[in-house]
Amino acid sequence: MFDKFENAEGRAAKKSIAKKALAELKIHAALEEELFYPTVRKYIESDIMNEADEEHHVAKVLIAELEEMDGKADHFEAKFTVLAENVRHHIKEEESEMLPEARRLGIDYDELGRQMLRRREELESAKRRAKKHKAA
């Protein structure tokens, strides 16, 4: 979605892409914070986990600010670009540091994956209900 945003023409297209990306990021962050990180943290108590928490915090601040903007503000595109850079950095660190270490742990990833899928469905359902309620 970040690439789509960067390549999009016009504010309306960028706003639409950003709105979808923000919703997905909020769900992804919730899954990591509620399920994945606590499970991994039982085995790994390190700077990797603390830094991941702080990166999520920064992303949440940017997401909240972006959600308050109408897409026409001068800094909307710049703020979304900073969010994209932050998230890309976060993914790179997770893939190169946290996940290789987590793979060696005695975690039942099949069960964790099922829990994450169930929670994702709950969050998406709640989002749909809120959107429907708002429209009514």
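Up top you'll find the structure we're talking about.
Since the model is a prediction, treat every value here as computed from it, not as a measurement.

K.L.:
With reference to specific residues and values, describe the packing of aromatic side chains.
P.N.:
Geometry of an aromatic ring pair is reported as the spacing of the ring centres plus the angle between the planes. As enumerated under the stated definition, the model contains four aromatic pairs in all. A ring pair is formed by Phe 5 and Phe 76, whose centres lie 6.5 Å apart and whose planes are at 55 degrees; its orientation type is tilted. In this pair, Phe 5 is assigned in helix H1 (residues 2–7) and Phe 76 in helix H4 (residues 76–103), connecting sequence segments 71 residues apart. Judged by its relative accessible area of 2%, Phe 5 falls in the buried class. Taking the relative accessible area as the measure of exposure, Phe 76 reaches 3% and is therefore buried. Cluster of aromatic residues (ring-pair linked, three or more members): Phe 2, Phe 5, Phe 76 and Phe 80. The ring of Phe 5 carries Lys 14 above its face, with NZ or CZ at 4.7 Å from the centroid.

K.L.:
Pulling in residues and values, what's your account of H4?
P.N.:
Each turn of an α-helix holds 3.6 residues, which means side chains three or four residues apart point in the same direction. Compared with an ideal rise of 1.5 Å per residue, which puts 28 residues at 40 Å, H4 spans 38 Å between its outermost C-alpha atoms and is within 8% of the ideal. At Glu 94, H4 is deflected by roughly 45 degrees, the largest bend along its length. Taken residue by residue, H4 has Phe 76, Phe 80, Leu 83, Ala 84, Asn 86, Val 87, His 90, Glu 93, Glu 94, Met 98 and Ala 102 as its buried positions. Close packing links the buried residues of H4 with H1, helix H2 (11–41), helix H3 (47–68) and helix H5 (109–135).

How each quantity is defined
- Residues numbered from 1 in each chain as written.
- Predicted model: local features only at pLDDT ≥ 70, side-chain atom pairs only at ≥ 80, totals over all residues.
- Heavy atoms only, no water.
- Phe/Tyr/Trp six-rings, centres within 6.5 Å; stacked < 30°, edge-to-face > 60°.
- Helix = DSSP H or I, 4+ residues; strand = E, 2+ residues; numbered from the N terminus.
- Buried < 20%, exposed > 50% of the residue type's maximum accessible area, 1.4 Å probe, protein only.
- Lys NZ or Arg CZ within 6 Å of the ring centre and 35° of its normal.
- Expected span 1.5 Å × (residues − 1).
- Bend = angle between axes of the 7 residues up to and from the residue.
- Contact = heavy atoms within 4.5 Å.

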